[in-house]
Amino acid sequence: MSPPVDIHLNRRDLMAGTAAAALTASLPGALRAQTTAAPLPLPKGPTTTPVSFRINGAETAIEVDNRMTLLDALREGLQMTGTKKGCDHGQCGACTVMVNGRRINSCLTLACMHEGDEITSVEGIGQPDEMDPMQAAFVEHDGFQCGYCTPGQICSARAVLDEIRAGIPSHVTGDLTAPIAISDAEIRERMSGNICRCGAYANILAAITQVAEDQA
Ligand code: FES
Ligand code: FES
């Protein structure tokens, strides 16, 4: 005769076991099979990638973790901290840079995807002793308070004027057959992806408008 099985459970074990059994029983067949399958193997292969691009006109080559965003590659890998990390989720625009002439949120793109690209960050737009007209206009119009959003605002503002000149319509463009007129509504709409927690929007608008008028 086989020895008796010890079936003593404490109350916590019993409740946990009952809940798990009830949950498993309620799952569809395919899903139930998954819960008992062996864990998926980790992918094999290199976890870093060499990438070369031109940043602010300089040829640059770095080795990046495959999961590293362009924003982190700039800030952590290259110590170019002009580009700011606000939300890290594509919601604030603080990380805006230009890639091949188009503005993007650098927190939403992987660095390893930019082999051969031309990247411009705020450091490449101008320096304190040689400011771009947009930077000078932000200073003149007090287009910032804490300044954290400002690099992204300036990169976006530069791109906005290029987009208008190129005839790329926005959500508020009325006549799609005529050259796009610069207006407060056009600028506000196109800059709407750049959030300023300090609320310097009126002054940012004034700065961009002045540059647009000067360059008209
Ligand atoms: Fe990239 Fe906010 S940090 S959008
Ligand atoms: Fe402070 Fe824009 S100036 S967030």
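Residues numbered from 1 in each chain as written. Chains lettered and ligands numbered in written order. Predicted model: local features only at pLDDT ≥ 70, side-chain atom pairs only at ≥ 80, totals over all residues. Heavy atoms only, no water.

Student: Describe unusual backbone geometry, with residues and values.
Tutor: Although it is not a glycine, N56 adopts a positive phi angle of roughly 50°. Structurally, N56 is set in the loop between β1 (48-55) and β2 (58-65). Classification of N56 by relative accessible area gives partly exposed; the value is 27%. Of note in the backbone geometry, D142 takes a positive phi value of approximately 50° without being a glycine. (Helix = DSSP H or I, 4+ residues; strand = E, 2+ residues; numbered from the N terminus. Buried < 20%, exposed > 50% of the residue type's maximum accessible area, 1.4 Å probe, protein only.)

Student: Any details on the pattern of salt bridges? Residues and values, ideally.
Tutor: Enumeration according to the criterion identifies 10 salt bridges in this entry. Taking the shortest distance from any N to any O, the salt bridge between D72 and K85 comes out at 2.9 Å. With D72 in helix α3 (residues 70-77) and K85 in the loop between α3 and β3 (96-99), this residue pair connects regions lying 13 residues apart in the sequence. In this structure, the salt-bridge partner of R158 is D132, at a minimum N-O distance of 2.6 Å. Within this pair, whereas R158 is found in helix α6 (residues 150-165), its partner D132 is found in the loop between α4 (122-125) and α5 (133-140), the two being separated by 26 residues in sequence. Three or more residues joined by partner-sharing salt bridges are found here, namely R103, E163, E186 and R190. (Salt bridge = Lys/Arg side-chain N within 4 Å of Asp/Glu carboxyl O.)

Student: Lay out the packing of α5 against helix α8 (residues 201-214) in plain terms, naming residues and giving numbers.
Tutor: One can describe the packing of α5 onto α8 by two numbers: an axis separation of 8 Å at closest approach and a directional angle of 140°. On the basis of their axis angle, the class for α5 and α8 is oblique. Crossing of α5 over α8 shows right-handed handedness. Facing P133, M134, A137, F138 and E140 of α5, the residues of α8 in contact are I204, A207, I208, Q210 and V211. (Axes fitted to C-alpha atoms, helices over the stretch in contact; angles between N-to-C directions. Parallel < 35°, antiparallel > 145°, perpendicular 65-115°, else oblique. Left-handed = near helix turned anticlockwise from the far one by under 90°. Contact = heavy atoms within 4.5 Å.)

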